[in-house]
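These are the residues of each chain, in order.
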Amino acid sequence: MVGSGIKKYANEKGWQIKEGIAFGVYRGYMMSMEEGNGWKSLSVTARLESDAAMQSAYELLNDKDIKKDYRINNSTVSQSAVTIIFLDNPGTMKRIVEFIERFCDGLDSFGAKGVEYCSSCGLELNGAGVPALMNGAVYMLHEGCLNRDDEQMNYAKEEKQKQGSVASGTIGAFLGAIVGSIPWAVASYFGWFVGWFGFIIGIASKKGYELFKGKETKAKGVAIIVSTILCVILAESVAIMVGVGVAWWEQGEVFSILDVVLTYIYALVDNSEILTSVLADIALGLVFAALGTWSTISEIFRATSKKADRFIRLDK
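Only a predicted model underlies this, so the values are computations on that prediction, with no experimental measurement involved.

Quick notes on the rules
- Residues numbered from 1 in each chain as written.
- Predicted model: local features only at pLDDT ≥ 70, side-chain atom pairs only at ≥ 80, totals over all residues.
- Heavy atoms only, no water.
- Phe/Tyr/Trp six-rings, centres within 6.5 Å; stacked < 30°, edge-to-face > 60°.
- Helix = DSSP H or I, 4+ residues; strand = E, 2+ residues; numbered from the N terminus.
- Buried < 20%, exposed > 50% of the residue type's maximum accessible area, 1.4 Å probe, protein only.
- Salt bridge = Lys/Arg side-chain N within 4 Å of Asp/Glu carboxyl O.
- Pairing = 2+ DSSP bridges.
- Axes fitted to C-alpha atoms, helices over the stretch in contact; angles between N-to-C directions.
- Contact = heavy atoms within 4.5 Å.

1. Thoughts on the packing of aromatic side chains
Counted by the stated rule, this structure contains seven aromatic pairs. Ring plane angle 75° and centroid distance 5.5 Å describe the contact between Phe 86 and Phe 99, whose orientation is recorded as edge-to-face. Of this pair, Phe 86 sits in strand β6 (residues 82–87) while Phe 99 sits in helix α4 (residues 92–110), placing them 13 residues apart in sequence. Relative accessible area serves as the criterion here: at 0%, Phe 86 is assigned to the buried category. Measuring from centroid to centroid gives 4.9 Å for Tyr 189 and Phe 190, while their planes differ by 80°, and the two rings are edge-to-face. On the accessibility criterion, Tyr 189 (33% relative accessible area) is partly exposed.

Printed below as a string of structure tokens:
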């Protein structure tokens with residue numbers, strides 16, 4: 001997606017907007033920009049052909065002052081491209097514009113090869129480069145390099161999708177979500193709502209899916225969503241039942257876990273006020289969980305889409 005700030009910058013630089021990406025050449029490097037919920041990204045396809053050059057780029061992007069000044073949340077450095085994710089708050093676009101100048105100065109000093117060289121083989125394009133989009137970054141490649149690399153990546157992607165099991169991954173996602181929901185249940189017991197605990201549930205569910213060797217398809221995202229929803233409901237219910245158990249214990253009552261569970265279920269069925277209150281708490285919990293896991297789920301669906309790890313030609 002491209003918002004007004006990126007569109008304005010793209011128009012000023014004479015860039016194009018296709019496939020939800022603003023892209024063009026600036027200071028000799030192919031750049032692309034996009035944004036989402038709470039973030040903006042900048043990808044620069046530049047050949048960093050030595051380990052020293054890659055290390056220098058990594059150190060620049062992970063400098064504490066630079067990360068703070070330009071609101072850099074995350075970055076990745078490879079031999080052919082650098083991608084930077086910025087936290088999107090008022091004034092972020094201005095900081096990105098300033099960062100681009102500083103980063104280009106760095107690339108020049110690192111000896112990076114720009115748009116005149118193929119992003120794949122590193123040889124000169126001599127005006128015959130083909131612009132192609134992959135995973136949010138626009139590359140310039142020889143036609144032969146593009147076709148070869150796309151074929152190889154498609155084969156690797158298909159082989160990866162054949163591995164694993166949705167069933168085992170789903171079990172892992174649910175178990176991971178249960179573990180991740182423990183902090184949520186504890187906080188809920190004390191009457192707190194901590195939004196980023198929803199992020200923990202999503203991350204734990206994702207990790208569980210991967211540890212149980214789940215298949216890398218969109219089913220992964222679905223499994224994590226369902227597991228997160230169920231575990232938020234479970235965490236809220238457990239918090240209430242623990243509260244009931246503690247109250248009985250303080251009164252000297254003798255009871256079993258089954259007694260607490262049955263009492264909780266009976267209260268929900270028999271008392272509409274209690275049911276409404278519990279459903280309200282669960283709904284609020286699901287809202288916080290959705291906010292916490294949104295970025296994780298979005299990344300999963302993006303990584304498993306048909307366009308992921310595939311080149312999309314932009315010259316047509």
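Let us keep going from here.
2. Looking at the pattern of salt bridges
Going through the model one piece at a time under the given rule, you end up with 14 salt bridges. A salt bridge links Lys 40 to Asp 88, with the nearest nitrogen and oxygen atoms 2.8 Å apart. One end of the pair, Lys 40, is in strand β4 (residues 39–45); the other, Asp 88, is in the loop between β6 and α4, with 48 residues separating them in the sequence. Between Arg 310 and Asp 150 there is a salt bridge; the shortest N-O distance is 2.8 Å. Of the two residues, Arg 310 is situated in the loop between α11 (272–303) and β9 (312–313) and Asp 150 in helix α5 (residues 143–162); the sequence distance between them amounts to 160 residues. You can call Arg 310 partly exposed: its relative accessible area is 24%. Taking the relative accessible area as the measure of exposure, Asp 150 reaches 13% and is therefore buried. Beyond isolated ion pairs, a larger network of salt bridges with shared partners links Arg 27, Glu 101, Asp 105 and Asp 108.

3. Some thoughts on the sheet that holds β6
Strands sit in the order β1-β2-β3-β4-β6-β5 across an open sheet of six strands; the sheet is antiparallel. Each edge of the sheet is formed by a strand with only one pairing partner; in this case those strands are β1 (16–18) and β5 (72–77). Strand after strand, the sheet turns through a mean of 20° between neighbouring axes, direction not considered. Pairing between β1 and strand β2 (residues 21–26): three bridges, direction antiparallel. Within β2, the position partnered with Gln 16 by the bridge is Phe 23. Across the face of the sheet, helix α2 (residues 51–61) comes into contact with β5 and β6 while running at roughly 175° to β5. Along the sheet face, α4 touches β2, β3 (29–36), β4, β5 and β6 and points at about 150° away from the line of β3.

4. Brief notes about the environment of Ala 173
Relative to the assigned elements, Ala 173 resides in helix α6 (residues 166–180). Residue Ala 173 is classed as buried on the basis of its relative accessible area of 0%. In this structure, the C-alpha to C-alpha distance between Ala 173 and Ser 227, residues 54 residues apart in sequence, is 6.4 Å. If near-sequence neighbours (up to four positions away) are discounted, Ala 173 is found in contact with Ser 205, Gly 208, Tyr 209, Ala 223 and Ser 227.

5. With respect to the environment of Glu 158
Examined against the element boundaries, Glu 158 turns out to sit in helix α5. When the C-alpha atoms of Glu 158 and Gly 191 are compared, they prove to be 47 Å apart, with 33 residues separating the residues in sequence.

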